[in-house]
Amino acid sequence: MSKFLSEKFKDLEPYTPGEQPQDKKYVKLNTNESPFKPCPGVMKALSEEAVSQLYLYSDPTANKLVEAIAEYYTNYVKENGKNFVISKENVIVSNGSDEVLAFIFNAYTDKDKGMACPEIGYGFYPVFCSLYGVPFKSIKIRDDFSIDISAFKGISENITIANPNAQTGLYLSLNDIKTLLSENKDRIIVIDEAYCDFGGESASVLLDEYENLIVVGTLSKSRQLAGGRVGFAIASKEIIQDLNTIKYSFNPYNLNRLSILAGVEAMKDVDYFNKTRKVVMENREYLKEELKKLGFKVTDSKSNFILVSTPKMGGKELYLKLKERGVLVRFLSDELLKNWVRITIGSKEQLNVLLKEIKEILGA
Ligand SMILES: *Cc1c(COP(=O)(O)O)cnc(C)c1O
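From a predicted model like this one, the values you see are computed outputs, not experimental measurements. (Residues numbered from 1 in each chain as written. Predicted model: local features only at pLDDT ≥ 70, side-chain atom pairs only at ≥ 80, totals over all residues. Heavy atoms only, no water.)

Caption draft 1: The arrangement of the side chain of S94 in detail. Relative to the helices and strands, S94 is located in strand 2 (residues 91-94). The class of S94 is buried, set by a relative accessible area of 0%. At 2.7 Å, the side chain of S94 forms a polar contact with the backbone oxygen of G96. Here S94 is in contact with E99, V100, R229, V230, G231, F232, N254 and L255, once residues within four sequence places are set aside. (Helix = DSSP H or I, 4+ residues; strand = E, 2+ residues; numbered from the N terminus. Buried < 20%, exposed > 50% of the residue type's maximum accessible area, 1.4 Å probe, protein only. Polar contact = N/O pair within 3.5 Å; in protein donor to acceptor, adjacent residues only side chain to side chain. Contact = heavy atoms within 4.5 Å.)

As structure tokens, then:
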């Protein structure tokens, strides 16, 4: 730390991203990326012609991408029995969803109104609170890791929940989310749907009923663009205006030209999206069953990862032993998770390598 660092950041503990080894080749199951390449349209769109345009600034409104996201979700709500339009004014895009989450925390929290989140959640939420110097409230979850929405009763904070939840993969029903939305009408409720495409129902179907709802999404997990850094939020026009005020006070050209092009293709190729997420969900159920046969406890994840534990060793030991054997999974330093590791659902081939190594480690 230099002597120049502002007093307010002296105790800031930044987010620790999962390992991204750039040299050795691992079977990489640690940061919930897709095992698939981006859809074919992405490769075509990132042409020499597109690269040659990099000397010009990108569209600060990312109009084409905002349009593609609005169109996808308008169709989604229609397919789920609702008839309202999600228009361009309801959408903002960001450099990964981490960025729009940062905008949201910045816009709606202050020293009197912080953010409440379930314990064991996405590690970035408390970091944003310390970055902005606002209170973070951790809400107890049940012993089986499920979220108890009655624990949110009577609090004064805004609420952010990843659904399915980060780390556990457990899904909270839309009915529970409705209850939260109606019990907290004067607070913002953020539903972070990074993993929603792997078996959950999107809360976007509730946007016509609740003006306090913000749905956050990313193209990193279910649309093969983790390295492209594309995220978004959907909410009322007024909320999107707020978030644009923050964005234009920080980084107007937050998406680069190539990411905008890639994002449009990834949103439009619904067939590829459906095909790839179906494989991930099938592989997830396969891995759950195989690990249960080996005596593992496995969360009933609706995400592209599962949280698992074996009575034979702690989480850190299993993580290290797998790493030695070239398989990278995630050990999370939370005390509640000391017996668990988080495994990303990879390709069937990757999962079979993982299973073979686990069997050898356990002597099974
Ligand atoms: C991965 C993840 C994000 C961040 O995604 P990016 O779009 O890659 O920044 C946000 N929230 C949760 C819960 C995640 O797991």
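Caption draft 2: Expanded view of the sheet that holds strand 10 (residues 305-309). Spatial ordering of the open sheet is given by 9-10-12, a layout of three strands whose pairing is antiparallel. At either margin of the open sheet sits one strand with a lone partner, and together these are strand 9 (297-298) and strand 12 (341-344). Relative to strand 12, strand 10 runs antiparallel, the two being bridged by four bridges. Within strand 12, the position partnered with I306 by the bridge is I343. (Pairing = 2+ DSSP bridges.)

Caption draft 3: Local environment of the sheet that holds strand 4 (residues 136-139). The sheet built from seven strands is open, its strands ordered 2-8-7-6-5-3-4 with mixed pairing. Pairing within the sheet leaves two strands with one partner each, and these edge strands are strand 2 and strand 4. Put simply, the sheet's adjacent strands are angled 20° from each other on average, direction ignored. Two strands pair when backbone bridges link them, and strand 7 (residues 213-218) and strand 8 (residues 231-234) are joined in this way by four bridges, in the antiparallel orientation. Residue pairing across strands places V216 opposite A233, the latter belonging to strand 8. (Axes fitted to C-alpha atoms, helices over the stretch in contact; angles between N-to-C directions.)

Caption draft 4: Geometry of helix 4 (residues 97-108). Along its twelve residues, helix 4 runs 17 Å from first to last C-alpha, staying within 8% of the 16 Å computed at 1.5 Å per residue. Of all twelve residues that make up helix 4, nine are buried, and the element is covered over most of its length. Along helix 4, the residues classified as buried are S97, E99, V100, L101, A102, F103, I104, F105 and Y108. (Expected span 1.5 Å × (residues − 1).)

Caption draft 5: Representation of unusual backbone geometry within the structure. Cis geometry marks the peptide bond from N163 to P164, where omega comes out at -10°. Relative to the helices and strands, P164 resides in the loop between strand 5 (158-162) and helix 6 (174-183). In this model, A62 sits at a positive phi of 45°, which is unusual for a non-glycine residue. Here A62 is to be found in the loop between helix 2 (48-52) and helix 3 (63-79). Its relative accessible area of 2% is what places A62 among the buried residues. The residue Q224 is not glycine, and still its phi comes out positive at about 60°.

Caption draft 6: Examining the domain arrangement of the chain more closely. For the chain, the domain assignment lists domain 1 (20-37 + 271-362) and domain 2 (40-268). With 27 residues of domain 1 in contact, the opposing surface of domain 2 contributes 23 residues. With both chains or domains summed, domain 1 and domain 2 bury close to 2000 Å², and 64% of this area falls on carbon and sulfur atoms. Per-residue buried area on domain 1 facing domain 2 is highest for F273, K302 and L336; these three make up 27% of the total on that side. Linking domain 1 to domain 2 there are zero salt bridges. Linking domain 1 with domain 2 are eight residue pairs in polar contact (both at pLDDT 80 or more). Secondary structure elements with two or more residues in the side of domain 1 that touches domain 2: helix 9 (270-293) and strand 10. (Domains from an automatic or database assignment. Buried area = accessible area lost by both parts, 1.4 Å probe. Salt bridge = Lys/Arg side-chain N within 4 Å of Asp/Glu carboxyl O.)

Caption draft 7: How the structure looks around the packing of aromatic side chains. Inspection of every chain in the model, using the stated rule, returns 16 aromatic pairs. Ring centres of Y73 and Y76 lie 6.2 Å apart, and the angle between their planes is 50°; this geometry places the pair in the tilted category. Placement of the pair is Y73 and Y76 together in helix 3, with a separation of three residues, close to one helical turn. The exposure classification of Y73 matches that of Y76, with both residues buried. Here the aromatic residues Y15, F105, Y122, F124, Y125 and F128 are joined through ring pairs into a cluster of three or more. (Phe/Tyr/Trp six-rings, centres within 6.5 Å; stacked < 30°, edge-to-face > 60°.)

Caption draft 8: Region of the structure containing the packing of helix 4 against helix 7 (residues 237-247). Contact pair helix 4 / helix 7: the axes reach a minimum separation of 9 Å and the direction vectors enclose 100°. It follows that helix 4 is roughly perpendicular to helix 7 by the angle criterion. Contacts from F103, I104, N106, A107 and Y108 in helix 4 reach I239, D242, L243, I246 and K247 in helix 7. Taken together, the residues of the contact of helix 4 with helix 7 break down into seven nonpolar, one polar and two charged. (Parallel < 35°, antiparallel > 145°, perpendicular 65-115°, else oblique. Nonpolar A, V, L, I, M, F, W, Y, C, P; charged D, E, K, R; others polar.)

Caption draft 9: Molecular detail of the pairing of strand 10. The element strand 10 is largely enclosed, with a buried count of five among its five residues. Of the two faces of strand 10, the one carrying F305, L307 and S309 and the one carrying I306 and V308 are both buried. One ladder, built from two bridges, connects strand 9 with strand 10; its direction is antiparallel. Along strand 10, the bridge assignment pairs K297 with S309. Counting the residues between successive antiparallel strands, the hairpin from strand 9 to strand 10 contains six residues.

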